[in-house]
Amino acid sequence: MSVIRKWKSFILLFPFLLMLLAPVSVEAAGEVYVVPVEETVEKGMASFIDRAITEAEDAGAKQLIFEIDTPGGRVDAANEIGEYLTDTDVPTAAYVTSRAYSAGSYIALNMDEIYMKSQSTMGASGVINSDGTAADKKAQSAWISAMTAAAENTGRDPLYAKAMADKSIDLPEYGAPKGEFLTLTPAQAVEVGYSSETLSSMDAVVKKLGFEPSDTVRVEPTFSENLARFLTNPAVVPILLSLASLGLIAEIYTPGFGIPGSIGIMSLVLFFYGHVIAGLAGLEAIILLVAGIALIIAEIFLPGGIAGIGGAVAIVASLLMSGQDLGHMAFSIGIAVLVTIVASVLLFKFVGFQNNFFKKIVLSDSTNTSEGYVSSRSRLELIGETGESLTPLRPSGSGVFGDERLDVVSEGSFIQAGTGIKIVKVEGSRIVVREIGDNKEEKS
């Protein structure tokens, strides 16, 4: 009953929880919109920048300034952000406050103007895989072309953009001899025409662009957008999937529905919530997930195992469709499966089938002698009893011992009916007799 009350409360509170997590757009008036581009570049950031640009356009803003401090991130997310920047009619400017590396430099190159703070840097844009190894030649070539095109589209010399992503370019005068990626200091960026000027603050940038600091509106990520960025982080995804699988498996081994199952379901909900907000998971992935869960539930009532297999395939497919990278998503699912297997073995060993789902479908009782179960009655007390064969023993037959008739077997020899016999051995239900008589054995 307490479990039912808990779930009723959860169902009542769920709509309010969704309202809290839903993205909120705040209308503000101003001619200059300042948008932070911080931390890792990923799909969550792309979604946030798209919203910020849309808000600025709807408000009739005259300038967009992107405050950049990022070590880089995903190439696909950077390409998406680049499209948003080139598609908007609002003038754009980048202000590099610390670092604009890799995807960050690409984002900066897609803007109309670039300003840098003293001691900031821009470049080092070689493309690498999620495991830290260099990407294949095809991916590197595509990224070099993207960097070059971004510089050309904004009227900058493409040589330096190419050198940021291609080690084969030899620019020793800028600290990037052959074999090194180019990273520009503020002075070098001004010299090659990438940066318009080195400025000490955002207010200085705003004034340089012809506006007053009071004209600015700073667009910050909402709670839901920050949460989505966290939940779609490549390091967080395998943890969420492992918690989901571990919680659901632990719930199978416990009575009713409680904390483990709630943790498992909440982890799965958070995974899809983050990926939906980040624009990674669509309606088709949610439909597949729901269908998969329904098939697994149906497997409890249907024979054959086909529904369960189909449900598992549907859930895995929905997860793969929701991931930023197919390889990383497969890796995360593999970790979750490994955690599930280990947890199942440990729970089976230390918890067993007591008070769990399997108790309903697996026979756990055993007919042990210690619990009073016996396969047959032991008649060891019959050894030494004498009687008479009722039927010929060839070698089995019947004999009478006092008032009791028993099925017996001779030691191997033929014994005629009416012959005196003696029980010499009892092996379970097998009673062995021997003939007695003048020439065999005296009656007792």
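Note that the structure is a prediction, hence the values are computed from the model and not measured.

**Q** So what's going on with the packing of helix α5 (residues 137-153) against helix α6 (residues 158-165)? Which residues, and what values?
**A** As a packed pair, α5 and α6 sit with axes 8 Å apart at the nearest point and diverge in direction by 155°. The pairing of α5 with α6 is recorded here as roughly antiparallel in orientation. Relative to α6, α5 is oriented so that their crossing is right-handed. Contacts between α5 and α6 involve Trp143, Ile144, Met147, Thr148, Ala151 and Glu152 from the former and Pro158, Ala161, Lys162, Met164 and Ala165 from the latter. Grouping the amino acids of the contact of α5 with α6 by side-chain chemistry returns eight nonpolar, one polar and two charged.

**Q** Run through the nonpolar core, naming residues and quoting values.
**A** Core analysis: the largest hydrophobic core is formed by 55 residues, its most contacted members being Phe66, Ile68, Leu182 and Tyr194. In terms of residues, this core owes the most to one element, helix α2 (residues 43-58), which gives seven residues. In contact with tyrosine 194, other than residues within four places in its own chain, are Leu109, Ile114, Met122, Ala151, Arg156, Asp157, Pro158, Tyr160, Ala161, Met164, Leu184 and Ala189. The next biggest cluster of nonpolar side chains, apart from the first, holds 19 residues, and it includes Leu240, Phe272, Ile315 and Ala336.

**Q** Got a sec to walk through a negative patch on the surface? Specific residues and values, please.
**A** There is a patch of like negative charges on the surface, built from Asp50, Glu57, Asp58, Glu83, Asp87 and Asp89. Secondary structure elements with two or more residues in the negative patch: α2 and α3 (75-87). Counting residues per element, the negative patch draws most heavily on α2, which supplies three residues. The topology assignment puts glutamate 57 in helix α2. The exposure class assigned to glutamate 57 is partly exposed, which follows from its relative accessible area of 37%.

**Q** How would you summarise the sheet that holds strand β12 (residues 420-427) if you had to cite specific residues and measurements?
**A** The five strands lie next to each other as β9-β10-β11-β13-β12, forming a closed barrel whose pairing is mixed. Averaged over all pairs of adjacent strands, the angle between their axes in this sheet comes to 55°, without regard to strand direction. Of the strand pairs in this sheet, strand β10 (residues 396-401) and strand β11 (residues 404-410) are connected by six bridges, and their pairing is antiparallel. Each residue of the ladder has a partner; that of serine 396, found in β11, is valine 409.

About the criteria used
- Residues numbered from 1 in each chain as written.
- Predicted model: local features only at pLDDT ≥ 70, side-chain atom pairs only at ≥ 80, totals over all residues.
- Heavy atoms only, no water.
- Axes fitted to C-alpha atoms, helices over the stretch in contact; angles between N-to-C directions.
- Helix = DSSP H or I, 4+ residues; strand = E, 2+ residues; numbered from the N terminus.
- Parallel < 35°, antiparallel > 145°, perpendicular 65-115°, else oblique.
- Left-handed = near helix turned anticlockwise from the far one by under 90°.
- Contact = heavy atoms within 4.5 Å.
- Nonpolar A, V, L, I, M, F, W, Y, C, P; charged D, E, K, R; others polar.
- Core = buried A, V, L, I, M, F, W, Y, C linked by side-chain atoms within 4.5 Å.
- Buried < 20%, exposed > 50% of the residue type's maximum accessible area, 1.4 Å probe, protein only.
- Patch = residues over 30% accessible without salt bridge, like charges linked within 9 Å, V, L, I, M, F, W, Y side chains within 5 Å.
- Areas by Shrake-Rupley, 256 points an atom, 1.4 Å probe, with all protein chains shown as cover.
- Salt bridge = Lys/Arg side-chain N within 4 Å of Asp/Glu carboxyl O.
- Lys, Arg positive; Asp, Glu negative; His and termini not counted.
- Charge placed at Lys NZ, Arg CZ, Asp CG, Glu CD.
- Pairing = 2+ DSSP bridges.

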